Each structure stands twice: as C-alpha cells, then as structure tokens.
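Architecture at a glance
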Amino acid sequence: MDKQQLSRRAFLKLAAASSSGIALAGVGPLRNIAAAQDTVELTFGRHWEAAFRPRQAEYDEGFMERHPDIKISITYNTWTDHNNVVPAWAAAGTLPDIVYVHGSRATPWAHEGIIIDIHDLAVADDEFNVDGMWEESLRLYRVNGRIHALPYDHGPIILGYNADMFDAAGLDYPDENWTMEDMASAAAALTDANMGVYGWDGNFSLGNSANGFFLGAWGATNMNDDETAMTMDTPEAREALSHWYNLIHEEGVAPTAAEAEAFPNQNVFRAGAAAMGHLATWDTPSMRAQASFNWDVAPAPMGADGTRATTSFGSGYGITPTSDKPDAAWRYLREYLSVDGMIFMWSLSGRGSPARPEGLEAWLTSDPAPPNGQYFLEAMFEYATTGHPYSSLASAQVSQILDRESNLLKLGEASVDQVIATIMEEGNAALDAVADDM
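Below is a short write-up of the structure. The model shown is predicted, which means the values in this text are computed figures rather than measured ones.

Conventions we followed
- Residues numbered from 1 in each chain as written.
- Predicted model: local features only at pLDDT ≥ 70, side-chain atom pairs only at ≥ 80, totals over all residues.
- Heavy atoms only, no water.
- Axes fitted to C-alpha atoms, helices over the stretch in contact; angles between N-to-C directions.
- Helix = DSSP H or I, 4+ residues; strand = E, 2+ residues; numbered from the N terminus.
- Parallel < 35°, antiparallel > 145°, perpendicular 65-115°, else oblique.
- Contact = heavy atoms within 4.5 Å.
- Core = buried A, V, L, I, M, F, W, Y, C linked by side-chain atoms within 4.5 Å.
- Buried < 20%, exposed > 50% of the residue type's maximum accessible area, 1.4 Å probe, protein only.
- Polar contact = N/O pair within 3.5 Å; in protein donor to acceptor, adjacent residues only side chain to side chain.
- Pairing = 2+ DSSP bridges.
- Phe/Tyr/Trp six-rings, centres within 6.5 Å; stacked < 30°, edge-to-face > 60°.
- Lys NZ or Arg CZ within 6 Å of the ring centre and 35° of its normal.
- Expected span 1.5 Å × (residues − 1).
- Arc of directions from axis to C-beta.
- Salt bridge = Lys/Arg side-chain N within 4 Å of Asp/Glu carboxyl O.

1. Let's talk about the packing of helix H8 (residues 180–190) against helix H10 (residues 235–249)
The description of two packed helices rests on the angle between their axes and on the distance between the axes. In contact at an axis separation of 12 Å, H8 and H10 are set at 5° when each is read in the N-to-C sense. Judged by the inter-axis angle, H8 sits roughly parallel to H10. Within the contact between the two elements, H8 uses Met180, Glu181, Met183 and Ala184 and H10 uses His243, Trp244 and Leu247.

2. Quick look at the nonpolar core
Ranked by internal contacts, the top residues of the largest apolar core, which has 75 residues, are Trp200, Met232, Leu241, Trp244 and Met276. For this core, the leading source of residues is helix H18 (residues 416–434), giving eight residues. Look past the residues within four positions of Met276 in its chain and what remains in contact with it is Leu159, Gly160, Tyr161, Phe166, Trp178, Met183, Ala186, Ala187, Gly199, Trp200, Asp201 and Phe269. Core analysis: the next-biggest nonpolar cluster, separate from the first, contains 32 residues, Phe44, Phe52, Val130 and Tyr152 among them.

3. Here's the deal with the side chain of Ser104
Along the chain, the position of Ser104 falls in the loop between strand S3 (98–102) and helix H4 (106–111). Reaching out from Ser104, the side chain makes a polar contact with the side chain of His102 at a distance of 2.8 Å. A distance of 2.7 Å separates polar atoms of two side chains, one belonging to Ser104 and the other to Arg105. Sequence-distant contacts of Ser104, defined by excluding residues within four places in its chain, comprise Asn208, Phe313, Pro389, Tyr390 and Ser395.

4. Digging into the environment of Leu431
One can find Leu431 in helix H18. Residue classification places Leu431 among the buried positions, given a relative accessible area of 4%. As a C-alpha pair, Leu431 and Leu393 span 38 residues in sequence and 7.9 Å in three-dimensional space. Beyond its immediate sequence surroundings of up to four residues, Leu431 is in contact with Met223, Glu227, Thr228, Ala229, Met230, Ser392, Ala394 and Val398.

5. Some thoughts on the pairing of S3
For S3, the tally of buried residues reaches five of five residues, placing the bulk of the element in the interior. Neither face of S3 is left uncovered, since the one carrying Ile98, Tyr100 and His102 and the one carrying Val99 and Val101 both have all their residues buried. As paired strands, strand S1 (residues 40–46) and S3 are joined by two bridges and run parallel to one another. Its bridge partner lying in S3, Phe44 is registered against Ile98. Both S3 and strand S9 (residues 310–319) contribute to a ladder of five bridges, which runs antiparallel.

6. Quick look at the packing of aromatic side chains
If you walk through the whole model with that rule in mind, you get 31 aromatic pairs. An angle of 80° between the planes, with centres 5.7 Å apart, marks the rings of Trp48 and Tyr152 as edge-to-face. Remark: Tyr152 occurs in strand S6 (residues 150–162) and Trp48 occurs in the loop between S1 and helix H2 (53–66); sequence separation between them is 104 residues. Here Trp48 falls in the buried class, since its relative accessible area comes to 0%. Accessibility expressed as a relative area gives 4% for Tyr152, which makes it buried. For the ring pair Phe214 and Trp244, a centre distance of 4.9 Å and an interplane angle of 80° mean the geometry is edge-to-face. Of this pair, Phe214 sits in helix H9 (residues 211–215) while Trp244 sits in helix H10, and the two are 30 residues apart along the sequence. The residues Phe214 and Trp244 share a single accessibility class, namely buried. Across from the ring centre of Tyr76, 4.1 Å away, lies the NZ or CZ of Arg53, which sits over that ring. The ring of Tyr59 carries the charged tip of Arg66 above its face, separated from the ring centre by 5.8 Å.

7. Observations concerning helix H17 (residues 395–411)
With 17 residues, H17 should reach 24 Å at 1.5 Å per residue; the first-to-last C-alpha distance of 24 Å fits that figure. Ser395, Val398, Ser399, Ile401, Leu402, Glu405, Ser406, Leu409 and Lys410 are the residues of H17 that are buried. Along the axis of H17, the buried residues cluster in a sector spanning 165°; they form a single face. Close packing links the buried residues of H17 with H10, helix H11 (257–260) and H18. Once H17 ends, the next one or two residues include Gly412, with phi positive near 80°.

8. Quick look at the pattern of salt bridges
The final tally for this structure, using the stated rule, is 16 salt bridges. A salt bridge links Glu136 to Arg139; the shortest N-O distance between them is 2.9 Å. Of this pair, Glu136 and Arg139 both sit in helix H6 (residues 135–139), separated by three residues, roughly a single helical turn. Given a relative accessible area of 32%, Arg139 falls into the partly exposed group. Among the ionic pairs, Arg238 bridges to Asp417, the shortest N-O distance being 2.8 Å.

Rendered as structure tokens:
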C-alpha cells in the first residue's frame, strides 16, 4: 500500500469519527487573539534534543508574532534528567509556567501539585475540541476523571524489520498473518552469531511503553486495569517471559544485554546488526537518520490463538500551579495542541504520531514515516491499549521494578520464576503503600 494513503479500515473509522461529530479542524486559522500591551514571559520546562529544538524555535517565533504580548523562555533538560528535575523545581518553588509531562507522570504530578486541573479550560473551549483527541491518549492525563495535562503524541509499538536482511536470506517480509512463532522461526533463520548478526535485537521490556508487545499475544498483562495489583504470576505471563528468555539465552537469536552494550545507545536493530525489533512512531526519525539499511514495519505478531495485542503510550504538557499567567499559558497550549499545531510540530516533521487523528495522514506522508506506516494506525484503531503503569501514585516505582527485572532477564542473571516472584512481591508492596493516598 502507498504510504500516502490511510488503510481502508483506518480511513473508514476516521470518517465515522468525523460524521459522529468530531470536528476535522483545529483551533481554526492561527491568529493573534491578544491585545499587544504589557509583555509577559511564558516559561517552559522541556527536554527536546538539540536536533529538534530548531523546529520548536520556529513554532515559538510564529506564536510570538501572533501574540506580541507573550515572550517565550525555555529551559531544556535531558530526557534522562527531566522527570527528576521537575519535582526538584517544585520543591524549590521554581517551576516554570508549562512543563513537559510524560504519560507516566501525570497522576503523581497532579497529586503532588506539580500540574493543575485544566479540565474546565479544555472542555469549555469549543474551538480547541478536546473530544477530537485520541481517547487512548487522553486516558493518561485524566486524574479522578479530570484532565490535568494534554497529549501531543500517542503511538503504538509494532514490529520493525530490516528489509535488506530478509531479501538477502530470501525470506518473505513479516505481514498480517505472522504469529510470535513465525517471528521466532525467522529470527533463527536470520541469525549468524559468528558474524555478529541476530534475528531479533533482544530489546525486551515490561514497562508501560512496551509490555503489551511482549505479553499481550499470550493474553498476559503486567497489572490489572485499575493498577491496584500486579498480574504477572499467571501461566500466560510465565509462557510469554519464557518465550523471550529462550530466544536470548537458549536459541541465541538475540544478543545478551552485555553484548548489546557494544552498539550505540545499545540499539542493535538501528545499528543494522539485528533483523527485527519493536518500533514506536517516535522511533522513526532516528531510524531514518541513522539506519544505513532499508527498513519497514509490520503488525505486532499474533499469539497461537490469533490474539494480537500491543501497548501504546505518549507524552503531553501541563500548566503548573505557581504560574501567575495561566490565561497566557492556555492561549499557548490551545494553539500548540490544536490540529494545526500538531501537524506542524509532529506530523510534518515526522517526529511522532500526533494525539489528534486529523494529523495522522500528514504524518504518514512525512519523510521519516516507513512505507507501511499505516500499520501504526491500524494498531491504534484496532488493538493497541495504553500501557500500565500510569494511573497509580506508585507508577514511577513500579516502572523501575519492571525495568530492573527486564534487564536482569536479558542479562540472564535471574530466571523467569525469579523475575515474576520479585515483580509480584515488590510491585504489590509499592501499590499497597500508596493505596490509601489515592
């Protein structure tokens, strides 16, 4: 299928959404709605890497031209530091007006008073049309039913593959009929450990941005839906973990975590040393810029019973309680997160799939999007769900536990049973500790 076209199923669902009242428009033509009087400084806490900052600067320059009473000032953190820096700002009373909010941080930051309830602002602004955003993307930012931040992107995890490796081996590309066993068989056929070439990159994770890809095909989950208990101690979860553990440590079709350290950012797939890996929409710009091979994407492989599942996740922005200019902050967010703003910032740049369906076709035609980028859309419409944890005050702690145990499994320093036992014990203890505060 031409990447410039929506899949037929996705198009029909998008058309249905339009006919049911979702306005296929943003805030309207961007215009100056401010009276140019005293200039106010609107401060931001962001984490963009250097390569994306010119895009942000271009948007902000245009915004300040439309709103000459607003001056924008940005503090950039690294992605690694941002989620720790923002609470430190809050403790010191130095929060900026607007902060980047990863989906996993909305609930704890709302509870800690780092971001404010903007539900009434968003819902009352008819032109902003909050109902035009993905429901899955908004799910991350509702706390006790109230919107505390707004998403700019949201995307699923699906299968990425090195087309050159498949061509060289004479193998058909992954497609809609692939199962996890098909993926394992192809990985074995494409592995040549002596040459440092692997069928799968071994990038295994149980965290909120990827657990559905690694558990869902077996009908397993890492937590229950209301995030009050871990759900890893099941036959389905044990079978899923055993599958991935065996691929690394018994079948040898993926590098161990120690072996992966030899590659830039430990990204074996992007380096061209693995035939397959999982990809999110936000991975595509770095793939386009750094991968020296032809690559594409396919649906998340199914389980033996035909179950197809994966995780989706995203990020957004919120207004802080210490801001003395919330009206100016909302004027910025309503344009930045409108259809027009999302298309400029994320669709046309290819940075990631925007949180508004109206921006998806522009993303599909962007340079970083893969030829079969419509598979991302089909995942969002048909089988991707927002990954846990995100709605518990213990989200950060549980995520750390999941990440640590995933790494131990990759390293071979813990067995499947040991990983499950630790996740159940420590994860449930963390959830129980915050239960009374929710």
